[in-house]
2 protein chains.
Amino acid sequence: MTATASLPPLDLVDLRKKVDGCLEEYLALKAAAMRRENLPPLPLQVLHDFVFAGGKRIRPLVCILGWYAARGQGETGPVIRAAASLELFHTFALIHDDIMDRSDTRRGRPTVHRALAARRQHRAQHHKFGESAAILVGDMAFAWSQAMLCDAISELGQQASALRVIHAMHCAVLYGQYMDLDTAEHLTGDIQRALTVLRYKTAKYTVEHPLHLGAALAGSGPEVRAALSAYALPLGEAFQMRDDLLGIFGDTAVTGKSTLDDLREGKQTVLLASALHRADAAQGKLLRRLVGDPALGEEEAAAIRTVLTETGARAHVEALIDIRRRAALHALDNGPFPAAAAHALREVAHTLTERTR
Amino acid sequence: MTATASLPPLDLVDLRKKVDGCLEEYLALKAAAMRRENLPPLPLQVLHDFVFAGGKRIRPLVCILGWYAARGQGETGPVIRAAASLELFHTFALIHDDIMDRSDTRRGRPTVHRALAARRQHRAQHHKFGESAAILVGDMAFAWSQAMLCDAISELGQQASALRVIHAMHCAVLYGQYMDLDTAEHLTGDIQRALTVLRYKTAKYTVEHPLHLGAALAGSGPEVRAALSAYALPLGEAFQMRDDLLGIFGDTAVTGKSTLDDLREGKQTVLLASALHRADAAQGKLLRRLVGDPALGEEEAAAIRTVLTETGARAHVEALIDIRRRAALHALDNGPFPAAAAHALREVAHTLTERTR
């Protein structure tokens, strides 16, 4: 890609590498600080392994693009560091989520509580140790994300507005997860309720708030943020619906996640709500009997998949994703964004909604 | 108490009321914000009930006294709000701690995970819901404590140094808890190791960092902080040793905590390390057999208490507390603190080490 005045280079692969570089550097600094105090190395080792086992760095990339979209000026270093802190926050959210869901694998590897339990396998209560230590390692990731963010934004002079966005992001994802949990055992065909949960848990958290953080760091006003939201919310919803489809119909070898976890947990997705809404008596009975059974196996999962397909719910969700991707792309065509930023955000919209992992 | 130039009024009861007022106001603001967004009220209700079920507000009070000790000038409002945010952080730490320890009661009431489970008793998996929702409510308390703090300190112009102290505090308590957890199943007579854990888990977190936060907000330099540490570290250690004694020999009706939890958990206290260090073969065998047994009952607890007393460990810990209280008081006599602040800190030293709850 050639740099010109109208199209500065926004190479997503390169930005991703820079984000990873910041994370690597920050965690190394922390590890050195802990060594100096003779504190145990295992929490940071496990955290490092998890952060670098994969992850698409969606939130940091979206944050950086928000800064470009809002015509940010000046050095990008602190912006990239602030953006990278979102990945540590996301790591915290995933670690706690995996404990709550009792998931065994993530990114094709043992989840953090499983990895910690494995390190203390000689103990009678190593599972309990793994879960408790993972709560703490998650808490540490949260604390480090805040410290990394505060440090980065102190160089940018937009602290108050950036911190407001970050706090809104924390509340959105934690309330989204809480609502997810609170509806998990109560299966209904209420598509609107499922959409509300995913708006908080994912759309705001994954796309809207990171974009707003970038825009805040660029010193943008409410118009730019509103234009970014018009892109972010439909895209974030489409992203989660794609995730829900992959969680049940995906290829485990590609996604790194079991296709049984969401079904065992009884996760109240739009897909499931749509299926319950469309199901005949027998199909509804099958879903209510099997979804949420923690002992559910491959055979039962296959039966559920058949119902999700035959009721038309799967096709319905594909259509909902398509409508939202179009809305997001339309918002870019009409937004006040520089061409290079709009181009990169378009790329992100396709990646998030057409992905296979 | 009359205000004079040499002795401004430092009424701890009044300061405590002001801290509670800030917490009440902040949580009410958050509840209103969540209502406006149609988010579920239960997380904040449960958090509010827990915060106001008791708690001595030690960390906020110590923080405010740190500000006075460092001769802080100007409006106290933002200082008290910053100090109050430490109570929300402490609430987060307690909620997660109770999940890890599987404690049923705290402050004479059900712990947060128990209270949440009770609100969803009709569900098949209400215990799992309680634990998962409590992880999230703890995370919310952490997020709110950060937002409340950042908001308060933005008015005080000492953000960078205050945030450094807060981050050190987060790391200290989380690593302290991690070390506590990691040594729990491995009983030894290593008193030094037990002292290291309590230095991080309690002494730094409960006394040193809150004092340093207050001093940072007053714009103090390294000398004042060093003088505060000379008071804080021995006092914090004495405080935790008193807590450990109360956890086993305390009156449940007064402490609000079960006297079985610490023994069942196999908490590696200085008291236990001292007993193992002093025990004869039979006493050592009894401790190793009973401490850490999750099913331990009143009879076994009584047998352990007898060993803790007869080995002289209980008296040893009382002596260690006494040495540390004296060291803390001595540091006050020699510190560069205004008389009123030194007087209030002296009161705190007695309260924390001679308490019965």
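For clarity, every value in this text was computed on a predicted model and none was experimentally measured.

### Quick look at the overall build of chain A
Counting secondary structure elements, chain A contains 16 helices and two strands. Expected size for 357 residues packed as a compact globule is a radius of gyration near 21 Å; at 21 Å, chain A falls within 12% of this value. Its C-alpha atoms give chain A principal-axis dimensions of roughly 60 × 55 × 35 Å. Across the 357 residues of chain A, 53% fall into the buried class.

### Here we look at the packing of helix H9 (residues 222-249) of chain B against helix H15 (residues 313-334) of chain B
Residues and elements named next belong to chain B. Relative orientation of the contacting elements H9 and H15 amounts to 155°, with a least axis distance of 8 Å. Comparing the axis directions of H9 and H15 gives the class roughly antiparallel. Pair H9 / H15 crosses with left-handed handedness. Touching Ala-227, Ala-230, Tyr-231, Pro-234, Leu-235, Glu-237, Ala-238, Met-241, Arg-242 and Leu-245 of H9 are Val-317, Leu-320, Ile-321, Arg-324, Arg-325, Ala-327, Ala-328, Ala-331 and Leu-332, all from H15. Looking at the contact of H9 with H15, its residues break down into 15 nonpolar, no polar and four charged.

### Focus: the interface of chain A and chain B
Facing 35 residues of chain A, the contacting portion of chain B comprises 35 residues. For the side of chain A that touches chain B, the secondary structure elements donating two or more residues are helix H4 (77-101), helix H6 (126-153) and helix H7 (159-183) of chain A. By residue class, the composition of the side of chain A that touches chain B is 23 nonpolar, eight polar and four charged.

### Section: the relation of the copies chain A and chain B
Relative to chain B, chain A is turned by 180° and slid 0.0 Å along the rotation axis, the superposed coordinates differing by an RMSD of 0.0 Å. The superposition of one copy onto the other is thereby described by a two-fold rotation axis. Comparing interface residues between copies, 100% of those in chain A also sit at the interface in chain B, which points to an isologous, same-surface contact.

### Re the packing of helix H1 (residues 12-36) of chain A against helix H2 (residues 42-51) of chain A
Residues and elements named next belong to chain A. For the pair H1 and H2, the least separation of the axes is 11 Å and the interaxial angle reads 170°. When the interaxial angle is binned, H1 and H2 end up roughly antiparallel. Seen from H1, the contacting residues are Leu-23, Leu-27, Lys-30, Ala-31 and Met-34; seen from H2, they are Leu-44, His-48 and Val-51. Grouping the constituent residues of the contact of H1 with H2 by class yields six nonpolar, one polar and one charged.

Cut-off values and rules
Residues numbered from 1 in each chain as written. Chains lettered and ligands numbered in written order. Predicted model: local features only at pLDDT ≥ 70, side-chain atom pairs only at ≥ 80, totals over all residues. Helix = DSSP H or I, 4+ residues; strand = E, 2+ residues; numbered from the N terminus. Rg over C-alpha atoms; globule rule 2.2 N^0.38 Å. Buried ≥ 20, exposed ≤ 12 C-beta atoms within 10 Å, placed from the backbone. Axes fitted to C-alpha atoms, helices over the stretch in contact; angles between N-to-C directions. Parallel < 35°, antiparallel > 145°, perpendicular 65-115°, else oblique. Left-handed = near helix turned anticlockwise from the far one by under 90°. Contact = placed C-beta atoms within 7 Å. Nonpolar A, V, L, I, M, F, W, Y, C, P; charged D, E, K, R; others polar. Least-squares fit on C-alpha atoms with pLDDT ≥ 70 in both.

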